[in-house]
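# A structural walkthrough
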Amino acid sequence: MKIQMQQYEPKIMQKKKIAARLQRLSRAFRGRQTKPQKNENMMQEFEFLTNGAEKRALDMLNARQPGEQLVTLEDAAALEADEQYLLERDADIQAIASSVQDVAQIFKELAVLVIDQGTILDRIDFNMEQVAERTRHATAQLISADRHDKQARPLRCVLSLLLIIFVLTIVLIFKLTASSRRRRLR
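It should be emphasised that the depicted structure is a prediction, and the values quoted were computed from it without experimental measurement.

A count of helical and extended segments in the chain gives four helices and zero strands. If you list the helices and strands of the chain from N to C, you get α-α-α-α. The 186 residues of the chain split such that 10% are buried. Taking the intrachain contacts of the chain between residues at least 6 apart in sequence as the baseline, contacts between residues at least 24 apart amount to 54%. Carbon and sulfur atoms form 61% of the exposed surface of the chain, whose accessible area is close to 16400 Å².

If you want it as structure tokens, here you go:
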């Protein structure tokens, strides 16, 4: 706070000088109203007041009613403090507005990310549903294959035994016919 006050001391001093000069000119202005012959000299003295804040102060003096009190140094200092406060407040408001814009931009980017993530989640969900459906279908096919395999086993055994019986019957027939031929031949 001390550093800030040191920065504004030249401004305060300048304002005090302007206020003192305005008070001198005010007294001279009041004197001018009572002594019209010095009017021309006073107008030359007032020429410096055609610029900026000094002109506004002169306009304020001209608009002043007789007997009305001029702005005191304390009022000028209070006005300066108020002006400084307003400038700081304006800077703070600008910073807040900038921060709000940054937050809005972040939310826009976040919305894009959420949409992208939603799309990815939808794809994952779809793929999971496909996997579940295909797994159910594969399980059904495995159960069917197992059932067919179980039903075919006894049939294969019976067919194998019948084939063996048939082969052995043929072998037995050949053996009997061969032994009967040998007996006849003997």
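A cluster of nonpolar side chains, L155, V158, L159, L161, L162, I164, I165 and L168, forms an exposed patch at the surface whose accessible area comes to about 790 Å². Among the secondary structure elements, L168 is positioned in helix 4 (residues 73-185). Looking at L168, the relative accessible area reads 54%, which means it is exposed.

One side chain can pair with another of opposite charge once the charged atoms of both are near each other. Tallied over the full model, the rule gives four salt bridges. Its salt-bridge partner being E133, residue R136 comes within 2.7 Å of it at the nearest N-O pair. Note that R136 and E133 are positioned in helix 4 at a spacing of three residues, about one turn of the helix. Classification of R136 by relative accessible area gives exposed; the value is 52%. One network of salt bridges, in which partners are shared, links D149, R153 and R156.

Looking at the chain as a whole, its pLDDT mean stands at 77, while 67% of the residues score no less than 70. Looking at the elements of the chain, mean pLDDT is at its lowest for helix 2 (residues 39-46), recorded as 51, and at its highest for helix 4, recorded as 88.

Calculation rules
- Residues numbered from 1 in each chain as written.
- Predicted model: local features only at pLDDT ≥ 70, side-chain atom pairs only at ≥ 80, totals over all residues.
- Heavy atoms only, no water.
- Helix = DSSP H or I, 4+ residues; strand = E, 2+ residues; numbered from the N terminus.
- Buried < 20%, exposed > 50% of the residue type's maximum accessible area, 1.4 Å probe, protein only.
- Contact = heavy atoms within 4.5 Å.
- Areas by Shrake-Rupley, 256 points an atom, 1.4 Å probe, with all protein chains shown as cover.
- Patch = residues over 30% accessible without salt bridge, like charges linked within 9 Å, V, L, I, M, F, W, Y side chains within 5 Å.
- Salt bridge = Lys/Arg side-chain N within 4 Å of Asp/Glu carboxyl O.
- pLDDT = per-residue confidence, 0-100.

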